[in-house]
Amino acid sequence: MSRLLVTGGAGFIGSNFVHYVLEHTEHSVTVLDKLTYAGNLASLDGLPAERFRFVHGDITDAALVDALFSEHDAVVHYAAESHNDNSLDDPRPFLETNIVGTYTLLEAARKHAIRFHHISTDEVYGDLELDDPARFTEQTPYNPSSPYSSTKAGSDLLVRAWVRSFGVQATISNCSNNYGPYQHVEKFIPRQITNVLRGERPKLYGSGENVRDWIHANDHSSAVLTILERGVIGETYLIGADGEKNNKDVVELILDQLGQPTDAYDLVNDRPGHDLRYAIDSTRLRSELGWAPKYSDFESGLADTIAWYRDHESWWAPQKDATEARYKAQGQ
Ligand code: NAD
Ligand code: DAU
């Protein structure tokens, strides 16, 4: 039984992991979260008070981080500025949280000799051509495209340096695009679902041909727990569930599942520097650590996700108008 500190645990994937750990293990969990626009305490409702604690704070606050690290056995680091479009508008918060924040945590991990797992993204590898038979592996060279992905790449390299130079007991995982309940309405799938629920049309960037490799957030959480428990210190593991789909196909599925004509969407301005395709080869995680995804049927996972957004308008509605106003200003 361990005391886990989860940074960014009020966000989409971090909150999923907190629920997953409390349901599937005996560990206790403390969440450290700044509650930016992306953090939502309602995503942590219903957790057992005797095993769960919330701390409102910033991962760049070295004194707070030091105090928390002294009380925990392991840290799982999700906190980040996570949205590419925002990073194109204003990169500075991405540098502060993703780079300086990760540095602050690593210095505390070094001081307290604490187990550290760093959550990262497949976007550090850049993108692939649509017809490229290759997928990303742990050996793919880093080639990030956006301010977001370059700060995530930088944070990964800091973790590797702190392992090698200071002996920090860290692992890294790089996962593909997550979907599921509790995802902010700025992201692709929730934006389109909530648009249709509000009588608005989905918005596809460019021609809609870009491909993402979708994984259910529950599968991401089970993979992270596996790596935390059985991963080799200093190693990187790619997490993916063979879920490649282009954006147009996803929008058509959403429209179809919501009973709308499948061509009832708008093509809008493309994202500058828009990565064309991501694809993960997760052989290492599966063969060395025995992990396998459970949510391999995307259409049924999407139907469950649509049902969740239909039933939880009070969770997403407060963010919807401001999010759409920002997109409108960008012609998206
Ligand atoms: P999110 O934007 O939904 O949540 C981020 C959380 O971090 C929020 O609760 C926010 O309040 C918190 N936070 C931000 N800055 C902070 C700071 N300075 N101090 C403390 N807390 C802070 O993000 P997400 O989609 O859940 O992503 C979580 C992590 O997973 C990120 O590191 C991201 O790079 C990575 N990731 C995301 C995906 C995806 O598809 N969403 C895929 C692979 C990896
Ligand atoms: O691959 C992992 C990454 O996935 C994570 O590291 C990021 O934190 C996460 O945000 C996500 O990045 P993407 O940029 O791929 O996700 P996003 O939801 O912003 O967009 C998914 C795709 O959909 C992308 O090709 C852009 C497109 N898109 C997005 C929006 C918001 C649209 O076509 N229309 C939209 O309205």
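Cut-offs applied
Residues numbered from 1 in each chain as written. Chains lettered and ligands numbered in written order. Predicted model: local features only at pLDDT ≥ 70, side-chain atom pairs only at ≥ 80, totals over all residues. Heavy atoms only, no water. UniProt positions renumbered as here; feature names shortened; annotations may be inferred. Helix = DSSP H or I, 4+ residues; strand = E, 2+ residues; numbered from the N terminus. Buried < 20%, exposed > 50% of the residue type's maximum accessible area, 1.4 Å probe, protein only. Lys, Arg positive; Asp, Glu negative; His and termini not counted. Salt bridge = Lys/Arg side-chain N within 4 Å of Asp/Glu carboxyl O. Contact = heavy atoms within 4.5 Å. Near = heavy atom within 4 Å. Polar contact = N/O pair within 3.5 Å; in protein donor to acceptor, adjacent residues only side chain to side chain. Areas by Shrake-Rupley, 256 points an atom, 1.4 Å probe, with all protein chains shown as cover. Nonpolar A, V, L, I, M, F, W, Y, C, P; charged D, E, K, R; others polar. Pairing = 2+ DSSP bridges. Axes fitted to C-alpha atoms, helices over the stretch in contact; angles between N-to-C directions. 1 Å grid on protein atoms, 1.4 Å probe; cavity = no way out; pocket = protein on both sides within 12 Å on 5 of 7 lines; lining within 4 Å. Points joined across faces, edges and corners; volume = space filled by probe spheres on them. Core = buried A, V, L, I, M, F, W, Y, C linked by side-chain atoms within 4.5 Å. Parallel < 35°, antiparallel > 145°, perpendicular 65-115°, else oblique.

As annotated in an unreviewed UniProt entry, the protein is dTDP-glucose 4,6-dehydratase from Agromyces ramosus. Listed under Sequence similarities (unreviewed entry) in UniProt, the entry text for the protein is "Belongs to the NAD(P)-dependent epimerase/dehydratase family. dTDP-glucose dehydratase subfamily." Of the comments in the UniProt record for the protein, the one headed Cofactor (unreviewed entry) reads "NAD(+)".

Student: Can you help me understand the side chain of Arg51 in this one?
Tutor: Summarising the element assignment, Arg51 is placed in the loop between strand 2 (28-33) and strand 3 (52-56). For the buried Arg51, which has no salt bridge, the nearest side chain bearing the opposite charge is Glu26, at an N-O separation of 5.6 Å. Excluding residues that lie within four positions of it along the chain, Arg51 makes contacts with Val21, Leu22, Thr25, Glu26, His27, Ser28 and Val29.

Student: Any chance you could explain the UniProt feature "domain: NAD(P)-binding" (unreviewed entry) in the protein here in plain terms?
Tutor: The UniProt record annotates "domain: NAD(P)-binding" (unreviewed entry) at residues 5-304. Annotation note: span residues 5-304, helix share 39%, strand share 17%, distance between end C-alpha atoms 29 Å.

Student: I would appreciate a short explanation of the site of ligand 1 in the present structure.
Tutor: In the vicinity of ligand 1 there are 28 residues, among which Ile13, Asp33, Ser82, Tyr148 and Lys152 approach most closely. Take Phe12: an N or O atom from its main chain is 3.1 Å from an oxygen atom of ligand 1. The separation between an oxygen atom of ligand 1 and a polar side-chain atom of Lys152 is 2.7 Å. When isolated, ligand 1 has an accessible area of 840 Å², and the protein chains bury 96% of it. For the shell around ligand 1, the leading source of residues is strand 5 (residues 115-121), giving three residues. Tallied by class, the residues present in the shell around ligand 1 amount to twelve nonpolar, twelve polar and four charged.

Student: Whenever I open this one, the sheet that holds strand 4 (residues 74-77) confuses me. Can you help?
Tutor: Strands sit in the order 3-2-1-4-5-6-11 across an open sheet of seven strands; the sheet is parallel. The open sheet has two free edges, formed respectively by strand 3 and strand 11 (236-239), since each of these has just one partner strand. With strand direction ignored, the average angle separating the axes of adjacent strands in the sheet is 20°. Strand contacts of helix 5 (residues 147-166): strand 5, strand 6 (170-175) and strand 11, with the helix running at about 155° to strand 5, the strand carrying the most contacts.

Student: Looking at this structure, I do not really get empty space enclosed by the protein. What am I missing?
Tutor: Any empty space left between the atoms is revealed when a probe the size of a water molecule rolls over them. For the coordinates displayed, the defined rule picks out three cavities of 30 Å³ or more. Its boundaries defined by the atoms lining it, the second largest cavity holds a volume of some 80 Å³. Contributing to the lining of the second largest cavity are 13 residues, with Ala38, Asn40, Tyr182, His184 and Trp315 lying nearest its centre. In terms of residue count, helix 11 (residues 313-329) provides more of the lining of the second largest cavity than any other element does, three residues in total. Within the lining of the second largest cavity, the residues separate by chemical class into eight nonpolar, five polar and no charged.

Student: Can you walk me through the site of ligand 2 in this structure?
Tutor: In the vicinity of ligand 2 there are 25 residues, among which Thr121, Asp122, Tyr148, Arg271 and His274 approach most closely. One nitrogen or oxygen atom from the side chain of Asn177 is found 2.7 Å from an oxygen atom belonging to ligand 2. Broken down by secondary-structure element, the contributors of at least two residues to the shell around ligand 2 are helix 6 (188-197) and strand 8 (203-205). Among the residues forming the shell around ligand 2, the class breakdown is seven nonpolar, ten polar and eight charged.

Student: I keep staring at the nonpolar core and nothing clicks. Help me out?
Tutor: What tends to happen in soluble globular proteins is that the nonpolar side chains get buried as a cluster. Phe17, Val18, Val29, Phe52, Tyr78, Ile239 and Leu285 are the most contacted members of the largest nonpolar core, which has 33 residues in total. Counting only elements with at least two residues in this core, the list comes to strand 1 (3-7), helix 1 (12-24), strand 2, strand 4, helix 7 (217-230), strand 11 and helix 9 (283-289). The element best represented in this core is helix 1, accounting for seven residues. Apart from residues no more than four positions distant in its own chain, Phe17 is found in contact with Leu4, Val6, Val76, Tyr78, Ser221, Val224 and Leu225.

Student: Just to check I follow, could you spell out the packing of helix 10 (residues 298-311) against helix 11 for this structure?
Tutor: For any two helices packed against each other, the geometry is given by the interaxial angle and the distance between the axes. Remark: helix 10 packs on helix 11, axes separated minimally by 6 Å, with the N-to-C direction vectors making an angle of 75°. The orientation of helix 10 relative to helix 11 falls into the category roughly perpendicular. For the pair helix 10 and helix 11, the contacting residues are Trp308, Tyr309, Arg310 and Asp311 in the first and Glu313, Trp315 and Trp316 in the second. Of the residues contributing to the contact of helix 10 with helix 11, the split by class is four nonpolar, no polar and three charged.

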